[in-house]
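Coordinate inspection notes
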Amino acid sequence: MFKPFREVLTMNKKRIYLLVLAGLLIGIPLIYNLPPVRDRLDWRVAELVARIKYAVSPPEQIVFVPEESDLLETSTPSPGHSPAASKTTTRVPSTEEPASSPVSTATLEPLPLKIQLDGIRHEYQTWNNCGPATLAIALSFWGWEGDQRPIAALTKPNSRDKNVMPYELTGYIEEETDLKVIYRVGGDIELLKQFLASGFPVIIEKGFEGPGFEGWIGHYVLTTGYDESSRLFTMQDSFYGPDQVMEYDDLMSYWRSFNFTYLVIYPPEREEEVLAILGPHVDEEYNDRYAAQMASDEIYRLTGRDQFFAWFNRGTNLVRLQDYAGAASVYDEAFAVYPSIPEKERPWRIMWYQTGPYWAYFYSGRYQDVINLSTTTLNAMSEPVLEESYYWRALARETLGDVKGAVNDLQSALKVHPGFEPAVIKLEQMGIEP
């Protein structure tokens, strides 16, 4: 018996639908993984995931409280006494404090009222890629013809990596180009103007708030000019576009959130010029002491989020000076200030970009605080993709006897950042193939 024509047609339609569905199930992942498609869709998918996660668990409401802190109560510090600052003695020389400005003025010419550097090729960043894009823009000034892609491939092989650290940008310059770089902290307006007037654009790392982002986030820009009459800096911004401007005071406020960090790239034959501008800040320990004192001075004249950053910066500079116990106490003060910041202003992403508290707590023997801080940081993320947090939690877990947990964390660090050298070395030391 032949099946009725209508029944055959219905069965054929079902087969066609199933074939189309199978094709979509196979084809969509293949299409999505094409680089041009992923570049356009990755950030949208990540943003959607983040919005869902943050709606359920608002990250600005999550507060880290150190378990091993010796701060008995939270109070606004007064100029007369700071329990944290009183403990900062290790490796901090008892000599005269550094000068009030990082710029050596002994042999420098008076600055022009206006400078705009030309010959820079702007480049818009791909998703979550401001570090490599900004570095590509900066290198273009010196004739480099590449773009952000090779920089990202080495500094953040996982496109979901939330940040490229200054030392990673520095490493790329030193290893992949014929140029040199200076990486310092504690910068200020006069220093930027001096470098720009001498023909050196400056990369700075700063805070960022704007459309398309929920709350405070970190961002790199390249400063390329200033105008003294209007008190405006010109910046090449990989997100907003070329020749953006920002008032001096606003730039300092956002720059504070990253310890006034700056990178200056230069050809080897111009090194003497760069060193002359830096003056005593050629010496890294002097620079760290200067920045620590700068942060300490700011603590007592600032409030709210700015005061949190000042405390945080002092801790970071004491870590750089290897005063880990002092730094741990200072970070305790910073975390004590944090809950007083209005929720909408809280820099809850701070640990995406800075690892100083991990150093301080680990090397002062506060291993549980390392675990708690890294866990809090990872759990508050829409995607737990911070290799540094996994790495420091691994060190603390191993020290406390949780070898299995340490290995899992190290492997997680390598999963989110393939080839992450500290994790590779640690696994090898433990006798485990990375």
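Now for a quick tour of the structure. Everything quoted here is computed from the prediction, not taken from an experiment. (Residues numbered from 1 in each chain as written. Predicted model: local features only at pLDDT ≥ 70, side-chain atom pairs only at ≥ 80, totals over all residues. Heavy atoms only, no water.)

1. Observations regarding the overall build of the protein
- Of regular secondary structure, the protein possesses 17 helices and seven strands.
- Excluding contacts between residues fewer than 6 apart, the proportion of contacts in the protein whose partners are at least 24 apart in sequence is 69%. (Helix = DSSP H or I, 4+ residues; strand = E, 2+ residues; numbered from the N terminus. Contact = heavy atoms within 4.5 Å.)

2. Things to note about the nonpolar core
- Counting 57 residues, the largest nonpolar core has F308, F312, Y331 and Y361 as its most contacted members.
- Those elements giving two or more residues to this core turn out to be α10 (304-320), α11 (324-337), α12 (350-353), α13 (356-363), α14 (367-379), α15 (387-399), α16 (403-416) and α17 (421-429).
- Sequence-distant contacts of Y331, that is, excluding residues within four places in its chain, are made with F312, G315, T316, V319, G356, P357, A360 and Y361.
- Listed in part, the 30 residues of the second largest apolar core include I115, F141, I189 and F233. (Core = buried A, V, L, I, M, F, W, Y, C linked by side-chain atoms within 4.5 Å. Buried < 20%, exposed > 50% of the residue type's maximum accessible area, 1.4 Å probe, protein only.)

3. A short note on the side chain of Q236
- For Q236, the location among the structural elements is in strand β5 (residues 232-237).
- For Q236, a relative accessible area of 5% gives the class buried.
- Once residues lying within four places of it in the same chain are set aside, the contact partners of Q236 are I120, H122, I137, V221, L222, T224, G241, P242 and D243.

4. What to know about the packing of aromatic side chains
- Summed over all chains, the structure comprises 33 aromatic pairs.
- Just above the ring of Y226 sits the side chain of K193; from NZ or CZ to the centre is 5.8 Å.
- Directly above the ring of Y254 sits K206, whose terminal nitrogen or CZ lies 5.3 Å from the centroid. (Phe/Tyr/Trp six-rings, centres within 6.5 Å; stacked < 30°, edge-to-face > 60°. Lys NZ or Arg CZ within 6 Å of the ring centre and 35° of its normal.)

5. Some remarks on the packing of helix α4 (residues 148-155) against helix α5 (residues 166-176)
- Running from N to C, α4 and α5 point in directions that differ by 115 degrees, and their axes come no closer than 10 Å. For the element pair α4 / α5, the angle class is roughly perpendicular. In this structure, α4 crosses over α5, and the sense of that crossing is right-handed. Along the contact surface, α4 presents P150, I151, L154 and T155, while α5 presents E168, Y172 and E176.
- Looking at the contact of α4 with α5 residue by residue, the class counts come to four nonpolar, one polar and two charged. (Axes fitted to C-alpha atoms, helices over the stretch in contact; angles between N-to-C directions. Parallel < 35°, antiparallel > 145°, perpendicular 65-115°, else oblique. Left-handed = near helix turned anticlockwise from the far one by under 90°. Nonpolar A, V, L, I, M, F, W, Y, C, P; charged D, E, K, R; others polar.)

Bear in mind that shape data such as this cannot, by itself, settle questions of function.
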